Amino acid sequence: MEPFIRNDQYNFISYQTQVLINGYATVNDLSVLQALKGLVQDKVTNLFDKLSPSQQTVLKPIEDIRDTEHAEDYLIGLKSYVIPFPTVNDHAVRKLFPKVKKLKTPDWEDIDFRDISYLGWNDYGQERKYMIAEYNGELKGFRGTFKNSSKKGICTICNTFSSIGFYMSESKGSAQGTFVKKGNYICQDSDECNDKLKNKEKLDDFILRINH
Ligand SMILES: [Zn+2]
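Calculation rules
Residues numbered from 1 in each chain as written. Predicted model: local features only at pLDDT ≥ 70, side-chain atom pairs only at ≥ 80, totals over all residues. Helix = DSSP H or I, 4+ residues; strand = E, 2+ residues; numbered from the N terminus. Expected span 1.5 Å × (residues − 1). Contact = placed C-beta atoms within 7 Å. Domains from an automatic or database assignment. Nonpolar A, V, L, I, M, F, W, Y, C, P; charged D, E, K, R; others polar. Core = buried A, V, L, I, M, F, W, Y, C linked by C-beta atoms within 7 Å. Buried ≥ 20, exposed ≤ 12 C-beta atoms within 10 Å, placed from the backbone. Axes fitted to C-alpha atoms, helices over the stretch in contact; angles between N-to-C directions. Parallel < 35°, antiparallel > 145°, perpendicular 65-115°, else oblique. Left-handed = near helix turned anticlockwise from the far one by under 90°. Pairing = 2+ DSSP bridges.

Concerning helix α1 (residues 7-26)
Next up, step 1: Relative to the 28 Å expected for 20 residues at 1.5 Å per residue, α1 spans 29 Å between its end C-alpha atoms, a close match to the ideal helical length.
Next up, step 2: Contacts made by the buried residues of α1 are with α2 (30-45), α4 (68-79), α6 (190-196) and α7 (200-210).

Following this line, the structure appears as structure tokens:
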């Protein structure tokens, strides 16, 4: 079977397994647990526009999860159905940032492309963050200034409380000499951000905003 689960959907499902584990750890009432199971099952199914019978079979065992061990087995099984982010390498990255002279590229050996919805990395020496994301079905590179914030806060992309920094895209305004500042607080560590991202719409909104 072809992979059919996006990284953000996988993260959402992983979160739902935690909801079940917490439920079984704290609730004794069987009818309440039954209702919780149904709710989780619905939420997972509703992530997808359409599911084939075999895809439903892959997802269905979530209703049997009661503890961490169950959840881990289930999630390991799901991982092989996760759609990887398009594979990029140094060459592809350089093509996406043709104007950047001393381009720092990601540490490829740390990246599992199934674990990311976007590729993001920092060049702290230059106070820059680089991002590669899909935009209108194509990969696009984004470069902005990035300053770590001393306080934790909510990331615009993954919407969780994290160590964040202020990302400001470098875009030229339409009138000559003007500089449009489009900024947002996002996670310092983009790999962690990708782990926490449960709704790709937030990422798409962010990309739309910084795109120029
Ligand atoms: Zn984030």
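A few points about unusual backbone geometry
Next up, step 1: In the Ramachandran plot, Glu 127 falls in the positive-phi region, its phi being about 50° despite a non-glycine side chain.
Next up, step 2: Inspection of the secondary structure assignment puts Glu 127 in the loop between β1 (119-123) and β2 (128-135).
Next up, step 3: The backbone of Asn 159 shows a phi angle near 60°, a positive value even though the residue is not glycine.
Next up, step 4: Within the secondary structure, Asn 159 sits in the loop between β3 (138-154) and β4 (161-172).

A few points about the domain arrangement of the protein chain
Next up, step 1: When the domains of the protein chain are assigned, the result is domain 1 (7-79) and domain 2 (90-210).
Next up, step 2: Its C-alpha centre places domain 1 at a distance of 31 Å from the equivalent point of domain 2.
Next up, step 3: Each partner contributes to the interface: domain 1 provides six residues, whereas domain 2 provides 11 residues.
Next up, step 4: Take the side of domain 1 that touches domain 2: its biggest share by element is five residues, from α1.
Next up, step 5: In the side of domain 1 that touches domain 2, the residues fall into two nonpolar, two polar and two charged.

Describing the nonpolar core
Next up, step 1: Among the nonpolar cores identified, the biggest contains 22 residues, and Tyr 118, Met 131, Cys 155, Ile 157, Ile 186, Cys 187 and Cys 193 are the most heavily contacted of them.
Next up, step 2: Among the secondary structure elements, those contributing two or more residues to this core are β2, β3, β4, β5 (179-187) and α7.
Next up, step 3: It is β2 that provides the largest number of residues to this core, a total of four residues.
Next up, step 4: Ignoring sequence-local partners within four residues, the contact set of Met 131 consists of Tyr 118, Leu 119, Gly 120 and Phe 142.

As for the packing of α1 against α4
Next up, step 1: Closest axis-to-axis distance for the α1/α4 pair is 10 Å, and the angle between their directions is 165°. Overall, the two elements α1 and α4 adopt an arrangement that is roughly antiparallel. For the pair α1 and α4, the sense of crossing is right-handed. Contact residues: α1 offers Tyr 10, Ile 13, Ser 14, Thr 17 and Ile 21, while α4 offers Thr 68, Ala 71, Tyr 74, Leu 75 and Leu 78.
Next up, step 2: Residue classes in the contact of α1 with α4 are distributed as seven nonpolar, three polar and no charged.

Topic: the pairing of β3
Next up, step 1: Sheet topology note: the β2/β3 ladder contains eight bridges and is antiparallel. Among the inter-strand pairings, Arg 128 is bridged to a residue of β3, identified as Thr 145.
Next up, step 2: In sequence, β2 turns back onto β3 through a hairpin of two residues, with Asn 136 there showing a positive phi of about 50°.

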